[in-house]
Amino acid sequence: QQPVQSPQAVILREGEDAVINCSSSKALYSVHWYRQKHGEAPVFLMILLKGGEQKGHEKISASFNEKKQQSSLYLTASQLSYSGTYFCGTGAGLTGTASKLTFGTGTRLQVTL
Amino acid sequence: DGGITQSPKYLFRKEGQNVTLSCEQNLNHDAMYWYRQDPGQGLRLIYYSQIVNDFQKGDIAEGYSVSREKKESFPLTVTSAQKNPTAFYLCASSPLDSNTGELFFGEGSRLTVL
């Protein structure tokens, strides 16, 4: 069953913050985040493992709450380059887990001037 | 530069025809994957392969076939049995011993059935 992402779409002004949520009905071991710009390949942002460790990538960070079976992606002081569709992928393991990933439906983020 | 190359980028097909999408990688990755992307549905796994001459069905394998004769290549055939083949297809690869589980994607092939 696909994880549910919210919101489905969001429009921000440059410099504003955003939070994208990813919730699963199944117990999770890992959560993967990707960004896909229009017409381009998805690009890996980060992976979070069971244990609730928060990760960071420039001004983009994420948390993983295994009890709630959800992850949140935080975009701080958004830039125009952050525009794109963000996908979470939830997994049952780590090594070779791409075959076990189930991707959410995506959140479209648009940053404007 | 290392990466994944998919071709063709755009493809039109008549109903009843088989079509093959190419995926080549020079990253020396063991694992390769095919995903289908439809509007509002995210990425769904079609097939994956972790070693040459072996592959496994994903969540939506019906109407598709693959081969893995070389480590670098993982072509996908969309057969006439696929009921709704119009979609965006993404190929990806990953090293099996990765501690990040990162997928490396190609730029995709958009198939339209006329």
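Here, the structure is the one placed above.
*Asks:* Now, about the overall build of chain B: what can you tell me, with residues and values included?
*Replies:* Tallying secondary structure elements over chain B gives zero helices and eleven strands in all. Overall, chain B shows an N-to-C arrangement of helices and strands of β-β-β-β-β-β-β-β-β-β-β. Here chain B has a C-alpha radius of gyration of 13 Å; the compact-globule value for 114 residues is 13 Å, and the two agree. With respect to the principal axes defined by its C-alpha atoms, chain B has extents near 40 × 25 × 25 Å. A buried classification covers 47% of the 114 residues belonging to chain B. Partitioning the intrachain contacts of chain B with sequence separation of at least 6 by distance along the chain shows that 52% fall at a separation of at least 24. Taken as a whole, chain B presents about 5700 Å² of accessible surface, with 45% of it coming from carbon and sulfur. Taking the average place of the 11 positive charges on the side chains of chain B and the average place of its 13 negative ones, the gap between the two points comes to 9 Å.

*Asks:* So what's going on with the pairing of strand β5 (residues 42-51) of chain B? Residues and values would help.
*Replies:* Residues and elements named next belong to chain B. For β5, a buried count of seven out of ten residues is recorded, marking the element as mostly surrounded by other parts of the structure. The pairing of strand β4 (residues 31-38) with β5 spans seven bridges and is antiparallel. Bridge pairing in β5 links Arg36 to Arg44. Counting the residues that bridge the hairpin from β4 to β5 gives three residues, and of these Gly40 lies at a positive phi of roughly 75 degrees. Inspection of the sheet shows β5 paired to strand β6 (residues 54-57) by three bridges, in the antiparallel sense. Considered in β6, the bridge of Tyr48 is made with Gln56. Taking the residues that link successive antiparallel strands as the turn, the β5-β6 hairpin has two residues, and the phi of Asn53 there is positive, at about 70 degrees.

*Asks:* Explain the side chain of Gln36 of chain A to me, using residue names and the numbers behind them.
*Replies:* Mapped onto the elements of the fold, Gln36 of chain A is located in strand β4 (residues 30-36). Here the side chain of Gln36 of chain A touches Glu40 of chain A through a polar contact of 3.1 Å, landing on its backbone oxygen. A distance of 2.9 Å separates a polar atom in the side chain of Gln36 of chain A from a polar atom in the side chain of Gln37 of chain B. If we skip the residues at most four places from it in the chain, Gln36 of chain A touches Ala41, Pro42, Gly84, Thr85 and Phe87 of chain A together with Gln37, Phe88 and Leu90 of chain B.

*Asks:* Kindly report on the packing of aromatic side chains, identifying the contributing residues and their values.
*Replies:* Counted under the stated rule, the structure contains nine aromatic pairs over all chains. Arranged with centres 6.3 Å apart and planes meeting at 25 degrees, the rings of Tyr33 of chain B and Tyr48 of chain B form a pair that is stacked. A residue pair is termed long-range when its members are at least 10 positions apart, and Tyr33 of chain B in strand β4 and Tyr48 of chain B in strand β5 qualify at 15 residues. The class of Tyr33 of chain B is buried, set by a relative accessible area of 0%. Of the aromatic side chains, those joined through ring pairs into one cluster are Tyr34, Phe44 and Phe103 of chain A together with Tyr33, Tyr35, Tyr48 and Phe105 of chain B. Just above the ring of Phe74 of chain B sits the side chain of Arg68 of chain B; from NZ or CZ to the centre is 6.0 Å.

*Asks:* Could you give me a rundown of the nonpolar core, with the residues and numbers involved?
*Replies:* Counting 21 residues, the largest nonpolar core has Trp33, Met46, Leu73, Leu75, Tyr82, Tyr86 and Leu109 of chain A as its most contacted members. Put simply, the parts of the chain that give this core at least two residues each are β2 (9-13), β3 (18-23), β4, β5 (43-49), β7 (60-65), β8 (70-75), β9 (84-91) and β11 (107-112) of chain A. Residues within four places of Tyr86 of chain A in sequence aside, it is in contact with Gln5, Ile20, Tyr34, Arg35, Leu45, Leu73, Leu75, Gly106, Thr107 and Leu109 of chain A. Within the second largest apolar cluster, 19 residues are counted, among which are Met32, Trp34, Phe74 and Val78 of chain B.

Basis of the calculations
- Every chain begins its residue count from 1, and numbering advances along the sequence as written.
- Written order decides the labels, with chains lettered from A and ligands numbered from 1.
- Side-chain atom pairs in this predicted model are given and counted only at pLDDT of 80 or more, local residue features only at pLDDT of at least 70, and totals for whole chains, interfaces and linings cover all residues.
- Note: side-chain values were computed over all heavy atoms of the structure, leaving out hydrogens and water.
- Secondary structure is summarised from DSSP: a helix means a run of H or I of at least four residues, a strand means a run of E of at least two, and numbering begins at the N terminus for each.
- Only C-alpha atoms enter the radius of gyration, while the globule expectation follows 2.2 Å times N to the 0.38, with N the number of residues.
- Each residue is placed in one exposure class: buried if its accessible area under a 1.4 Å probe, protein chains only, is under 20% of its type's maximum, exposed if it is over 50%, and partly exposed if it falls in between.
- What makes two residues a contact is simply this: any of their non-hydrogen atoms within 4.5 Å.
- Residue-level accessible areas treat just the shown protein chains as cover; the underlying method is Shrake-Rupley with a 1.4 Å probe.
- Only four residue types enter the tally: Lys and Arg on the positive side, Asp and Glu on the negative side, with His and both chain ends excluded.
- Here the site of a charge means atom NZ of a Lys, CZ of an Arg, CG of an Asp or CD of a Glu.
- Only strands that DSSP links by at least two bridges are regarded as paired with each other.
- N or O atoms closer than or at 3.5 Å make up a polar contact, with two conditions inside protein: a donor-capable atom paired with an acceptor-capable one, and, for residues adjacent in sequence, both atoms drawn from side chains.
- For Phe, Tyr and Trp, where Trp contributes only its six-membered ring, two rings pair if their centres lie within 6.5 Å, and the inter-plane angle classes them as stacked under 30 degrees, edge-to-face over 60, or tilted in between.
- Criterion for a charge above a ring: Arg CZ or Lys NZ at most 6 Å from the ring centre, at most 35 degrees from the ring normal.
- Here the nonpolar core consists of buried residues drawn from Ala, Val, Leu, Ile, Met, Phe, Trp, Tyr and Cys, with membership extended through side-chain atoms lying within 4.5 Å.

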